[in-house]
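Overview (structure and organization)
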Amino acid sequence: MATAAAQFMVWQDSWLVGVKVLDSQHKQLVTLLNELHDAMKSGRGSSIVGGILNSLVSYTHAHFAAEEQLMQMYAYPDFKAHKREHQKLTGQVLDFQEKFSNGTATLSIDVMQFLSSWLQNHILGTDKKYGPFLQSKGVK
Ligand code: FE2
Ligand code: FE2
């Protein structure tokens, strides 16, 4: 009997922020993290792992831009602090991506765990706060 492999990161509905487009982007980020984890675990070559890493980086970039645009459009009071969190992570990820591509770093479970806990903590601790604010402005 075949059993499905346990997923690295399992989406939880308690992470929903209540803005449809952003919730679906968060789900897609979880999917990409799982793909990256699977590629790492099954020992895929660095060009495949690097390709998924690139997708994750560009999707994250687009997601941050979408959140920032909405927050700015409605003059969200915590916009600057929120954006700083995005910038810090972006810097760390770009740094890793560069080391990965020049062969001075490899993708490890530690890196995966850092990314998944960052995502979960950021959604629960920071993204969740704009939910009621944006909803009060009519954003769904
Ligand atoms: Fe987010
Ligand atoms: Fe965010």
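Each remark here, short or long, concerns the structure printed above.
This text gives an overview of the structure that appears in the document. (Residues numbered from 1 in each chain as written. Chains lettered and ligands numbered in written order. Predicted model: local features only at pLDDT ≥ 70, side-chain atom pairs only at ≥ 80, totals over all residues. Heavy atoms only, no water.)

This brings us to the coordination of the iron ion (ligand 2). Of the protein atoms, only Glu 67 (OE), His 82 (NE2), His 86 (NE2), His 122 (NE2) and Asp 127 (OD) coordinate the iron ion (ligand 2), at distances of 2.1 to 2.2 Å. Sequence spacing of the donors to the iron ion (ligand 2): E-x14-H-x3-H-x35-H-x4-D. The metal-metal distance between the iron ion (ligand 2) and the iron ion (ligand 1) comes to 3.5 Å, with Glu 67 coordinating both. Of the residues examined, His 122 reaches a relative accessible area of 3% and is grouped as buried. With a relative accessible area of 1%, Asp 127 lands in the buried category. (Donors = N, O, S within 2.8 Å, 3.2 Å for Na, K, Ca; no water. Buried < 20%, exposed > 50% of the residue type's maximum accessible area, 1.4 Å probe, protein only.)

This part takes up the coordination of the iron ion (ligand 1). Those donors, His 26 (NE2), His 63 (NE2), Glu 67 (OE) and Asp 127 (OD), are the protein atoms that reach the iron ion (ligand 1), and they lie 2.1 to 2.2 Å from it. Each of the four donor atoms around the iron ion (ligand 1) contributes to a set of angles spanning 85 to 169 degrees, which defines the coordination as irregular. (Tetrahedral: all angles 85-135°; square planar, octahedral: opposite > 155°, others 65-115°.)

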